[in-house]
Each structure stands twice: as C-alpha cells, then as structure tokens.
Amino acid sequence: MIGVVYLGNNPETQERLKYIPGRLVQYTTNYKETASACAPHVRNEHFIVFYEQNVQAEDITAITYIKKRNKNVYIILLTHQLTLDDRKMYQKCGINDTVDANASITELNKKIQFIADREGMLFDDAPSKHRILRFKIPLWKRLFDIFFSLLAIILLSPVFILTAIAIRLESKGPIIFKSKRVGTNYTVFNFLKFRSMYADAEQRLKEVAKEAGNQYAEKEEEKEEEKDHQSVITAPLGEEAEMMMMDMGMESDMMISDDEVMLVGDDFVVAESDFNKEKEEENNNAFVKIENDPRITKVGKFIRKYSIDELPQLFNILKGDMSIVGNRPLPLYEAEKLTVDSSIDRFMAPAGLTGLWQVEERGKGGMMSAEERKQLDITYGQTYNFALDMKIIFRTLTAFIQKENV
C-alpha cells in the first residue's frame with residue numbers, strides 16, 4: 001500500500017500531482033507535518049514523498065528528520081539540476097531518487113507506479129513474500145564441497161608445489177592470479193588461479209583480442225558492411241538532433257518515419273531499434289575466448305591443457321565462494337552484460353568449478369554459442385541434484401584434457 005505526500009510550495013507541482021490517477025496526494029508545507037503525514041495507519045503502509053528542493057542546509061535538516069522518524073518512506077527530490085557533490089550530499093542524508101521539477105503528470109505517475117510495483121524490494125518492512133529472492137546453497141551440497149575440496153587439496157599438494165616452482169622459474173610475477181568474478185546472487189569475490197600468462201597480460205587484452213579474434217563475436221567486417229547498407233534513418237528529429245546529424249556529416253534529406261524513436265547522445269544519433277539490436281548483439285557475445293593466445297607462458301599452456309591452473313579454486317570452494325559443480329563465475333564485464341531478465345536465473349544457482357556447459361561443450365568439440373551456454377547454466381540452476389552433480393564430476397574427470405588450446 002503506497003501513499004503519496006508532497007512537501008513544498010510550488011503551485012505548478014501541486015496542480016500536476018492533483019491529476020495523478022488513483023492517488024490521493026497529501027500536501028504539506030514543513031518537514032514535521034510531512035513526518036506526521038507519513039505515519040502508517042495500517043500495517044505495511046508505505047509512502048512516497050515528493051520533496052521540492054530548497055536551500056540545501058534546510059533540505060538536509062528536513063530530509064534527515066523525515067528519515068529518522070519514518071522508516072517507511074521513499075523520498076524523491078524534485079530538482080532542476082544537481083552537481084555531483086550536491087547529489088552525494090542529498091543521497092547521504094536520505095534521498096532515494098530525483099525527478100525533474102518540471103516533470104509531466106505522466107512522468108510522475110510512471111515513477112509512482114514503478115515504486116509501487118517494487119514495494120517489496122524498496123522498503124525494509126515489506127512482507128517477506130515480496131522480497132527479492134536470493135539463492136542459498138543446500139546443506140548437502142555445502143558439506144560435500146567442504147569434504148571434497150579438503151581431500152583434493154591434501155592429495156594434490158605435490159602438484160600445487162611443483163606448479164608454483166615452475167611458474168616462478170619461467171617468468172616474473174605472482175604465482176596465484178586473482179581476478180574479480182561474479183558468482184551466486186551476483187556476489188563479487190576474488191577468483192584464484194595459477195598464473196598462466198605473462199604479468200602484463202591484461203594490459204594487452206584489447207590488442208590480442210583484435211588480432212586473435214573472438215570465437216563468439218560477429219566479424220567486424222560484417223558489421224561495417226551492414227552499417228554501409230543502412231541508408232534510411234527513421235524518426236522525427238528536433239532541431240538539436242538535426243544539427244548534430246549535419247555536424248556528423250549525415251545527409252539532411254534522409255527518409256523519416258513517425259513510427260521510430262531516435263536516441264540522441266553527445267556524439268551520436270541512432271534509431272532506437274538499431275540501438276536495441278546492437279545491445280542484443282553485445283549480450284549474445286558476452287563470453288570472450290581467444291584462440292592460440294600469445295600471452296600464455298609455456299608453463300601456462302601445459303597447466304591449462306590439463307586444467308591444473310584451476311586447482312587454486314579449491315580454496316574458493318572451501319571458503320564458500322563457489323561450489324564443486326555449478327555455473328562458472330564470470331568476469332565483471334561479462335556478468336554486466338547478463339543482467340537482463342532472461343539471464344538472471346543463471347546467477348540464482350550455485351557457482352562452480354565445473355558445470356553442465358563445460359562437459360557438454362567438450363562433447364561438441366569445444367564449439368558452443370554464448371546463448372547455448374547461458375541456457376545450460378539456467379537449466380542446471382533449475383534442475384541440479386546430487387545425482388546430476390556426480391554425473392558432471394565423473395564426466396569432468398574423464399574428459400579434463402582439452403582438445404583445443406583456448
């Protein structure tokens with residue numbers, strides 16, 4: 001249940017709020033009055049407070065008071081423009097969101113509806129059934145992870161020692177490579193591997209990627225050719241957008257349709273459909289693999305071929321960052337591209353050392369699209385059990401020698 005309160009004295013804003021459909025807005029003129037208006041009369045009643053920006057010192061006092069007195073409020077600052085420092089200051093004192101002071105009735109209503117639809121996520125005292133779900137690893141799986149990882153670390157300790165010596169003898173740099181990875185519930189942790197590349201490998205990633213190519217990305221030549229054939233830009237353009245197009249060398253006599261929306265940035269004008277298509281391609285190409293990577297050391301090639309470089313992740317498993325079997329934790333830049341609704345389920349599952357797509361990929365000779373991998377991750381998260389985990393572990397142990405150098 002969401003109530004709406006306005007704190008301010010702008011008659012234009014008051015007039016717009018009167019026409020919010022299905023909402024009875026309470027109008028207040030001082031912060032103590034607002035705090036009283038936001039006192040819940042029924043259980044789990046929440047309030048949206050539209051706060052008209054005034055003098056910053058007075059605003060901070062008022063917002064802090066409202067927040068301390070009411071834990072059930074979502075405060076939206078009505079403002080024209082904020083500097084970065086001002087924004088931080090307002091956020092620190094309790095502002096949850098900002099809206100342009102001249103926002104239309106439609107924009108204000110959309111904001112209210114957005115908050116109402118996510119009431120269980122945005123308010124701490126919302127009913128638990130509406131809270132955002134988080135994955136919790138089952139007890140049987142956690143106990144198995146602890147037992148298996150401890151046993152493996154003890155049995156493989158000679159391999160750990162020999163690998164560490166070999167890495168140190170061949171090249172300078174740390175023996176263990178740490179990278180930030182995203183696992184279960186989008187949790188970020190330090191992912192451990194034996195270093196298999198030269199110390200400056202990450203600095204050369206872009207250059208190597210251009211030379212070696214991405215197994216999952218479309219060829220740049222095809223993209224450029226497709227762009228060359230796009231001779232029509234559709235959408236009604238404002239004067240600013242038309243001038244920007246002229247500055248960018250675009251033709252002024254292009255065909256324009258009223259059905260398309262144009263997105264205008266600092267240095268580009270693009271049809272919304274083309275922008276969405278490009279974003280979809282980026283999401284489909286989220287997984288990056290480089291063939292015959294020249295950044296890899298000689299020792300690195302050997303330990304990668306036999307998956308020895310993955311062994312330090314047994315300590316991640318022991319710590320609880322990940323499991324023996326699950327969906328592979330992803331680098332930050334890959335996980336960021338998989339935050340759309342269709343991909344979230346892969347993170348609501350165990351993160352693991354090996355998983356369903358790894359054994360299926362080897363069965364396909366190492367060739368699998370990003371979409372296939374994602375769907376297998378989702379499938380595992382929805383169907384995993386002890387028998388499936390044992391099957392994946394067995395297939396991993398019998399097929400750990402990679403047939404390709406990736």
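The structure this text deals with has already been given above.
Quick caveat: nothing in here was measured; it's all calculated off a predicted structure.

Engineer: Would you mind going over the overall build of the protein with me for this structure?
Structural biologist: When its secondary structure is counted, the protein shows 18 helices and twelve strands. A separation threshold of at least 6 residues defines the contact pool for the protein, and within that pool the share at least 24 residues apart is 68%.

Engineer: How should the packing of helix α8 (residues 157–170) against helix α13 (residues 298–305) be read in this particular structure?
Structural biologist: Running from N to C, α8 and α13 point in directions that differ by 150°, and their axes come no closer than 9 Å. Taken as axis vectors, α8 and α13 run roughly antiparallel relative to one another. Along its contact with α8, which presents Thr 163, Ala 166, Ile 167 and Glu 170, the element α13 presents Lys 298, Val 299, Gly 300 and Ile 303. Class assignment for the residues of the contact of α8 with α13 results in four nonpolar, two polar and two charged.

Engineer: Explanation requested: the pattern of salt bridges in the structure shown.
Structural biologist: It is possible for side chains bearing opposite charge to pair when their charged atoms get close. This structure, assessed with the given rule, holds nine salt bridges. A salt bridge links Lys 18 to Glu 15, with the nearest nitrogen and oxygen atoms 3.8 Å apart. We classify Lys 18 as exposed; its relative accessible area is 54%. Residue Arg 346 is joined to Asp 377 by a salt bridge in which the shortest nitrogen-to-oxygen separation is 2.8 Å. With Arg 346 in the loop between α15 (332–336) and β12 (352–354) and Asp 377 in helix α17 (residues 370–383), this residue pair connects regions lying 31 residues apart in the sequence.

Engineer: I keep staring at the sheet that holds strand β1 (residues 2–7) and nothing clicks. Help me out?
Structural biologist: Within a beta sheet, neighbouring strands are joined by backbone hydrogen bonds and run either parallel or antiparallel to one another. Read from one edge of the open sheet, five strands run β2-β1-β3-β4-β5, paired in parallel fashion. Edge positions in the open sheet fall to β2 (25–28) and β5 (97–100), since each of these has one partner strand only. Pairwise comparison of adjacent strand axes, ignoring direction, gives a mean angle of 25° for this sheet. Sheet topology note: the strand β3 (residues 46–52)/strand β4 (residues 73–79) ladder contains six bridges and is parallel. From the neighbouring strand, Phe 50 faces β4, where its bridge partner is Ile 76.

Engineer: Just to check I follow, could you spell out the sheet that holds strand β6 (residues 176–182) for this structure?
Structural biologist: In space, the three strands of this open sheet follow the order β7-β6-β11, with antiparallel pairing throughout. Each edge of the sheet is formed by a strand with only one pairing partner; in this case those strands are β7 (188–194) and β11 (330–331). Sheet analysis places β6 next to β7, joined by seven bridges and oriented antiparallel. Following the sheet pairing, Ile 176 is matched in β7 by Phe 194.

Engineer: Help me understand the pairing of β2, please; the structure alone is not making it clear to me.
Structural biologist: Side-chain direction in a regular strand flips from residue to residue, so the side chains alternate between the two faces of the sheet. Examined bridge by bridge, β1 and β2 share four bridges and lie parallel to one another. Its bridge partner being in β2, Val 4 is matched across the sheet by Val 25. This β-α-β element, β1 to helix α1 (residues 11–17) to β2, shows right-handed connectivity.

Engineer: I tried to follow a nonpolar patch on the surface on my own but got confused; where do I start?
Structural biologist: A grouping of Phe 147, Leu 151 and Leu 155 is seen on the molecular surface, where their side chains present a nonpolar patch of about 340 Å² in accessible area. Mapped onto the elements of the fold, Leu 155 is located in helix α7 (residues 139–155).

Engineer: Hey, could you run me through unusual backbone geometry in this one?
Structural biologist: When glycine is set aside, most residues are seen to have a negative phi, and most peptide bonds are trans. Positive phi, close to 60°, is recorded for Asn 185, a residue that is not glycine. Within the secondary structure, Asn 185 is located in the loop between β6 and β7. Even without being a glycine, Ser 307 presents a positive backbone phi close to 60°. With respect to the secondary-structure elements, Ser 307 resides in the loop between α13 and α14 (313–319).

Engineer: I'm lost on the nonpolar core in this one. Help?
Structural biologist: For soluble globular proteins, nonpolar side chains are generally found buried alongside one another. Counting 29 residues, the largest nonpolar core has Phe 194, Leu 314, Ile 324, Tyr 380 and Ile 392 as its most contacted members. Here Ile 324 is in contact with Phe 144, Asp 145, Phe 148, Leu 314, Ile 317, Gly 352, Leu 353, Thr 354 and Ile 393, once residues within four sequence places are set aside. In this structure, Ile 20, Ile 48, Ala 116 and Phe 123 belong to the second largest nonpolar core, which totals 18 residues.

Engineer: Can you walk me through the packing of aromatic side chains in this structure?
Structural biologist: Any pair of aromatic rings gets described here by the distance separating the centres and the angle formed by the planes. On inspection of all chains with the given rule, the structure shows twelve aromatic pairs. A centroid spacing of 6.2 Å and a plane angle of 65° characterise the contact between Tyr 6 and Tyr 27, whose relative ring orientation is edge-to-face. Linking Tyr 6 in strand β1 with Tyr 27 in strand β2, this pair joins segments that are 21 residues apart in sequence. When the ring centre of Phe 347 is taken as origin, the NZ or CZ atom of Arg 346, which lies over that ring, is 4.8 Å away.

Engineer: Just checking my understanding: could you explain the environment of Asp 145 for this structure?
Structural biologist: Inspection of the secondary structure puts Asp 145 in helix α7. Among the residues examined, Asp 145 registers a relative accessible area of 1% and is labelled buried. In contact with Asp 145, not counting residues within four places along its chain, are Ile 137, Ile 317, Met 322, Ser 323 and Ile 324.

Engineer: Help me out: how do you make sense of the environment of Thr 187 in this one?
Structural biologist: With respect to the helices and strands, Thr 187 occurs in the loop between β6 and β7. Expressed as a C-alpha distance, the spacing of Thr 187 and Pro 329, which sit 142 residues apart in the sequence, is 9.5 Å. Discounting residues that sit within four places of it in the chain, Thr 187 has contacts with Arg 134, Arg 181 and Val 182.

Engineer: What exactly am I supposed to notice about the side chain of Arg 328 here?
Structural biologist: Tracing the chain through its elements places Arg 328 in the loop between β10 (323–325) and β11. The exposure class of Arg 328 is buried, given its relative accessible area of 12%. Reaching out from Arg 328, the side chain makes a polar contact with the side chain of Glu 310 at a distance of 2.4 Å. Apart from residues lying up to four places away in sequence, Arg 328 is in contact with Phe 191, Glu 310, Gln 313, Met 322, Arg 346, Gly 352, Leu 353, Trp 357 and Gln 358.

Procedures and definitions
Residues numbered from 1 in each chain as written. Predicted model: local features only at pLDDT ≥ 70, side-chain atom pairs only at ≥ 80, totals over all residues. Heavy atoms only, no water. Helix = DSSP H or I, 4+ residues; strand = E, 2+ residues; numbered from the N terminus. Contact = heavy atoms within 4.5 Å. Axes fitted to C-alpha atoms, helices over the stretch in contact; angles between N-to-C directions. Parallel < 35°, antiparallel > 145°, perpendicular 65-115°, else oblique. Nonpolar A, V, L, I, M, F, W, Y, C, P; charged D, E, K, R; others polar. Salt bridge = Lys/Arg side-chain N within 4 Å of Asp/Glu carboxyl O. Buried < 20%, exposed > 50% of the residue type's maximum accessible area, 1.4 Å probe, protein only. Pairing = 2+ DSSP bridges. Right-handed = clockwise from strand over helix to strand, strands pointing away. Patch = residues over 30% accessible without salt bridge, like charges linked within 9 Å, V, L, I, M, F, W, Y side chains within 5 Å. Areas by Shrake-Rupley, 256 points an atom, 1.4 Å probe, with all protein chains shown as cover. Core = buried A, V, L, I, M, F, W, Y, C linked by side-chain atoms within 4.5 Å. Phe/Tyr/Trp six-rings, centres within 6.5 Å; stacked < 30°, edge-to-face > 60°. Lys NZ or Arg CZ within 6 Å of the ring centre and 35° of its normal. Polar contact = N/O pair within 3.5 Å; in protein donor to acceptor, adjacent residues only side chain to side chain.

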